[in-house]
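# Report on the structure
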Amino acid sequence: MGLIGRRGFVVTAAGALAALATAGDAAAVPASARRRRRHGPGPEFRGMWLASVANRDWPSRPGLTAAEQRDELLALLDTAVARRLNAVVFQVRPTADALWPSPHEPWSAYLTGVQGKDPGWDPLGTAVREAHLRGLELHAWFNPYRVANHTDPSRLVASHPARVHPDWILPYGGKLYYNPGLPDVRRFVQDAMMDAVLRYDIDAVHFDDYFYPYPVAGQVFDDDATYARYGAGFPDKAAWRRDNTDRLVSGMADRIKKARTRVRFGISPFGVWRNATTDPLGSGTRAGVQTYDDLHADTRKWVKQGWIDYIVPQIYWNIGFAVADYAKLLPWWNDVVRGTGVHLYAGEALYKAGAPGQPAPWQDPAELSRHLTLARAYPHVRGHCFFSAKEVMTDPIGAMARVVADHYPTRVVPPS
């Protein structure tokens, strides 16, 4: 879907609010909603991802004035309220940059069009304050290792850490990445993210699915020299890479809890850990990507070890999809979190609803509602998160409205 102009963006939000808001929806969550319980213990998570990378959801384009950016952001938060959601997962570090005045990394170019240029306001600070005023949680979403959606370091601002430390970066698949195998890199990206934890009243730290990059046919992520330096004692490079990712996750978990005990830590990985044909502990899927093997992210281990507070697997397939069936993956993840205390929220592909080229189930406005109905059978599914904010607002075929009508009769507090 193309980008929406500011006027269309705000007018669409106003229309969504007029259609959906009911008395009290825009106010604090009522006491009756606080007492509401679903099939599992406590209230449910109802979230939406709000992506800033490549101006996917917000701002609608780089270079808007501070007032225009703020208006768009508030319209999205109001839409979350109108849809009776209770959490917004806001991408504040999309490409080794920042949507707050960070001492470690430059201002994001997605704000002004110029990396490092002060936009004249503090988007993260505003988002936290305005979300809380609306009864929404604000989860700060960070991408740990992606540096740029190109491979030319000279296009980065001169003060960028990747230019100051050129030995930290590797090109791959048309993008630049920090090298996860370097201890200095892991320490730095944690420092950069912890600055937001320490300075803002965020409710959670959120990582997405990008650790080691997704495989690109015919290309090699050239960390041989790093493996030669640090890989002693590991049976192979894959095991060493997984340990690097484990160190990032466990280290971040430790630092968050030491700094702010009430701030949660959540991760939204690709939906398939491993196929059962690869590992008997895996899911009944035939996915071409497995996080354990291809992204070197042992997401199941992080749950079992209790390093994270919640997990939002991106189960971005329809019920009955042969290669990766939503109806098979949801119970698999339900079993993974059983007895761990880690909350499970299902990541939902709202962006596929009505999208050209998607299979027939995604052309049916009721497909996502069926996902939530199915989830009622699994006691450890504590909620859902929808990708992403633009589709929550525009709702091309009414799939989000159907979810709200069928499953969200009132607002509820999130299950913190």
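Right, let's walk through the structure included here.

Conventions used here
- Residues numbered from 1 in each chain as written.
- Predicted model: local features only at pLDDT ≥ 70, side-chain atom pairs only at ≥ 80, totals over all residues.
- Heavy atoms only, no water.
- Helix = DSSP H or I, 4+ residues; strand = E, 2+ residues; numbered from the N terminus.
- Buried < 20%, exposed > 50% of the residue type's maximum accessible area, 1.4 Å probe, protein only.
- Contact = heavy atoms within 4.5 Å.
- Pairing = 2+ DSSP bridges.
- Salt bridge = Lys/Arg side-chain N within 4 Å of Asp/Glu carboxyl O.
- Core = buried A, V, L, I, M, F, W, Y, C linked by side-chain atoms within 4.5 Å.
- Axes fitted to C-alpha atoms, helices over the stretch in contact; angles between N-to-C directions.
- Arc of directions from axis to C-beta.
- Expected span 1.5 Å × (residues − 1).

The next point concerns the environment of P365. Counting through the fold element by element, P365 comes out in the loop between strand 10 (343-348) and helix 13 (367-375). Residue classification places P365 among the partly exposed positions, given a relative accessible area of 28%. Sequence separation of P365 and M400 is 35 residues, and the distance between their C-alpha atoms is 8.0 Å. Apart from residues lying up to four places away in sequence, P365 is in contact with I397, G398, A399 and R402.

Attention shifts here to the sheet that holds strand 3 (residues 137-142). Read around the barrel, eight strands follow the order 1-2-3-7-8-9-10-11 and close on themselves; strand pairing throughout is parallel. Where strand 10 and strand 11 (residues 381-386) come together, four bridges link them in parallel fashion. Bridge pairing in strand 11 places E348 opposite F386.

Turning next to the pattern of salt bridges. Tallying each qualifying case throughout the model produces 26 salt bridges. A salt bridge links D223 to K237; the shortest N-O distance between them is 3.1 Å. Separated by 14 residues along the polypeptide, D223 in the loop between strand 7 (204-207) and helix 8 (224-230) and K237 in helix 9 (residues 237-259) bring together distant segments of the chain. Just as D223 is buried, K237 falls in that class too.

What follows covers the nonpolar core. One finds F90, Y178, V205, F207, F265 and F386 to be the most contacted residues of the largest nonpolar core, which totals 114 residues. Filtering out sequence-adjacent residues up to four positions away, F265 remains in contact with V205, F207, V249, M252, A253, I256, W307, I308, D309 and Y310. One finds L170, Y177, Y212 and W240 within the second-largest nonpolar core, a separate group that totals six residues.

With that out of the way, let us pick up the sheet that holds strand 4 (residues 146-148). In spatial order, the strands read 4-6-5; together these three strands make up an open sheet with antiparallel pairing. Edge positions in the open sheet fall to strand 4 and strand 5 (169-172), since each of these has one partner strand only. When the angles between neighbouring strand axes are averaged without regard to direction, this sheet yields 40 degrees. For strand 4 and strand 6 (residues 175-178), the ladder comprises two bridges, and the chain directions are antiparallel. Bridged to A148 within strand 6 is L176.

Put simply, W58 and P59 share a cis peptide bond, and its omega is -20 degrees. Along the polypeptide, P59 turns up in the loop between strand 1 (45-50) and helix 3 (66-82). A cis amide bond links F387 to the next residue, S388, at an omega of -5 degrees. Along the polypeptide, S388 turns up in the loop between strand 11 and helix 14 (389-394). Despite not being glycine, N55 has its phi angle at roughly 55 degrees, a positive value. For N55, the position within the fold is in the loop between strand 1 and helix 3. Unusually for a residue other than glycine, A96 sits at a positive phi of about 50 degrees. Within the fold, A96 resides in the loop between strand 2 (87-93) and helix 4 (109-112).

Moving on, we come to helix 15 (residues 399-407). Taken together, the buried positions of helix 15 are A399, M400, V403, V404 and H407. Buried residues in helix 15, looked at end-on, bunch into an arc of 145 degrees, giving them a common side.

Here the focus is helix 3. Taking 1.5 Å as the rise per residue, helix 3 with 17 residues should run 24 Å; its terminal C-alpha atoms sit 24 Å apart, in good agreement. A large share of helix 3 lies buried, amounting to 12 of its 17 residues. All buried positions along helix 3 are accounted for by E68, Q69, E72, L73, L74, A75, L76, L77, T79, A80, V81 and A82. With its phi angle positive at about 60 degrees, R84 sits one or two positions after the end of helix 3.

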